[in-house]
Each structure stands twice: as structure tokens, then as C-alpha cells.
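These are the residues of each chain, in order.
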Amino acid sequence: MHSKSPRLEAWFADPTRDADKNWHEVILTPPSVLITQATTLTAGGREIKCLPITRGHTDTDLAVFVPDARVWMLGDVIEEAGPPMFGSGSWPMDWPRALEELLLAVEPSDVIVPGHGKVVDLEFATRQATDLAAVAHAIRGAWMAGVSIEETLATVELPWPEWMLRSAIKQGFAQLSAE
């Protein structure tokens, strides 16, 4: 027996949901090594640093840094091909701080590989952290004012499309309610 992700659970409950996918063939394999602190590996004589990122995009994000090449692989913590995705496992209230803390170690000439899209630089990543902070600020303000998700979407100007912000606000409200 293997555990399923929420998406697989939904498919098993209703296989017509993603009829074009072969989800029944997916077997999730839990990690055999959990990286809970900075870990250095060596592959082919090259040092590779694995750095856990505090919760943000998810609570299991990992930065992979290759020091001699000054390359950062940040997965979906940074998105270039479109707006960052606030899915069911995201922490929109924490994401800006997690990214800002990570970017303190990035040098201006470093290369950042996002989860989706083209390679970016520190300037791009900093702008995205600023936009994430604006979203978190708007969510906190709306939640404190007792404003609904719909009212929030109608009254705030944020950098990304409504469909994506709806998820961010929903996740942010849930996060704030749990605190």
C-alpha cells in the first residue's frame, strides 16, 4: 500500500476527472533520506549543497546549489513561465520570507534555475519575492478586516491573475485561521 497525493486521491475517487492521464500507474515512493539541514553531497568530484527552505511554496522545498558554478536550482519556489502557483500545499503567508532568506545567499552574478521557465537572475527573484510579499500583505489585511475572498479579489490590485490569487487567498486565510 502506498500513500497518495491529494490529486491521486481525487482521481481514485473519480477516474473520469483526468481521463487523459494514467494515474493508476503512478506509485509514489517516499524519500529514503530526509534533508532537514544543509547537506553537502559530492557527485563526479563536484560539490552539491542541498539546503532545506522554510515553508513557502510547500513545506518540503529544497534548494540545490552548485558552488563552483554558482548555480541555484530552486524548483517552484521561483517561477518564470508564469505566476507562482499557490496550490493546496502552499504557505502564502510564509513564502515571501522563505524566498527572501534564501536570496541572501545568492550573488548578483549567480544563475537561478526556476521550477518552470527560463533561467533567471537575482533581480528577477527579488522582484518575485516583492510580489509574493504584496500578496501576503493583502491577504493578511483582508483576513484581519473580515473580508471574504470574493471581496478581496474585487478590491485589491495584485500582480497575478484572479484564478491564481483566489487559491492564494484561500490558502492564506486557512493559514491565518490556524495560527
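Anything mentioned here points back to the structure above.
Before going into details, it helps to say that this report is about the structure given with it. (Residues numbered from 1 in each chain as written. Predicted model: local features only at pLDDT ≥ 70, side-chain atom pairs only at ≥ 80, totals over all residues. Heavy atoms only, no water.)

## What to know about the sheet that holds strand β4 (residues 71-79)
Inference 1: Spatially, 5 strands are ordered β1-β2-β3-β4-β5 in an open sheet, and the strand pairing comes out mixed. Bordering the open sheet on either side are β1 (39-43) and β5 (111-116), each of which pairs with just one other strand. Strand after strand, the sheet turns through a mean of 30 degrees between neighbouring axes, direction not considered.
Inference 2: As defined by bridge partners, strand β3 (residues 62-66) adjoins β4 across 3 bridges and the pair is classed as antiparallel. In the strand pairing of β4, Val-66 is matched with Val-71.
Inference 3: Against the sheet, helix α2 (residues 95-103) touches β3, β4 and β5, its axis set at about 170 degrees to β4.
Inference 4: Contacts between helix α3 (residues 122-145) and the sheet are confined to β4 and β5, with β4 contributing the most and set at about 30 degrees to the helix. (Pairing = 2+ DSSP bridges. Helix = DSSP H or I, 4+ residues; strand = E, 2+ residues; numbered from the N terminus. Axes fitted to C-alpha atoms, helices over the stretch in contact; angles between N-to-C directions. Contact = heavy atoms within 4.5 Å.)

## A word on the pairing of β3
Inference 1: Judged from the 4 bridges that link them, strand β2 (residues 46-52) and β3 form a sheet pairing that is antiparallel. Note that in β3 the partner of Lys-49 across the bridge is Phe-65.

## So, the packing of α3 against helix α5 (residues 162-178)
Inference 1: The N-to-C vectors of α3 and α5 enclose an angle of 60 degrees; their axes lie 9 Å apart at closest approach. Taken together, the axis directions place α3 and α5 in an arrangement best described as oblique. Here the hand of the crossing between α3 and α5 comes out right-handed. Between α3 and α5, the contacting residues are Val-135, Ile-139, Arg-140, Ala-142 and Trp-143 on the first element and Leu-165, Ala-168, Ile-169, Gly-172, Phe-173, Leu-176 and Ser-177 on the second. (Parallel < 35°, antiparallel > 145°, perpendicular 65-115°, else oblique. Left-handed = near helix turned anticlockwise from the far one by under 90°.)

## Remarks on the pattern of salt bridges
A side chain with one charge can pair with a side chain of the opposite charge if their charged atoms come near.
Inference 1: One pass over the full model with this rule turns up 9 salt bridges.
Inference 2: Linking Glu-123 and Arg-127 is a salt bridge whose minimum nitrogen-to-oxygen distance equals 3.1 Å. Here Glu-123 and its partner Arg-127 are both found in helix α3, 4 residues apart, which amounts to about one turn of the helix.
Inference 3: Salt bridges sharing partners connect three or more residues here, namely Arg-55, Asp-94 and Arg-97. (Salt bridge = Lys/Arg side-chain N within 4 Å of Asp/Glu carboxyl O.)

## Digging into α5
Inference 1: Here α5 is 17 residues long and its end C-alpha atoms lie 24 Å apart, about the 24 Å a rise of 1.5 Å per residue gives.
Inference 2: Every buried residue belonging to α5 is among Met-164, Leu-165, Ala-168, Ile-169, Gln-171, Gly-172, Phe-173, Gln-175 and Leu-176, and all of these are buried.
Inference 3: Residues of α5 that are buried make contact with α3 and α4 (149-155). (Expected span 1.5 Å × (residues − 1). Buried < 20%, exposed > 50% of the residue type's maximum accessible area, 1.4 Å probe, protein only.)

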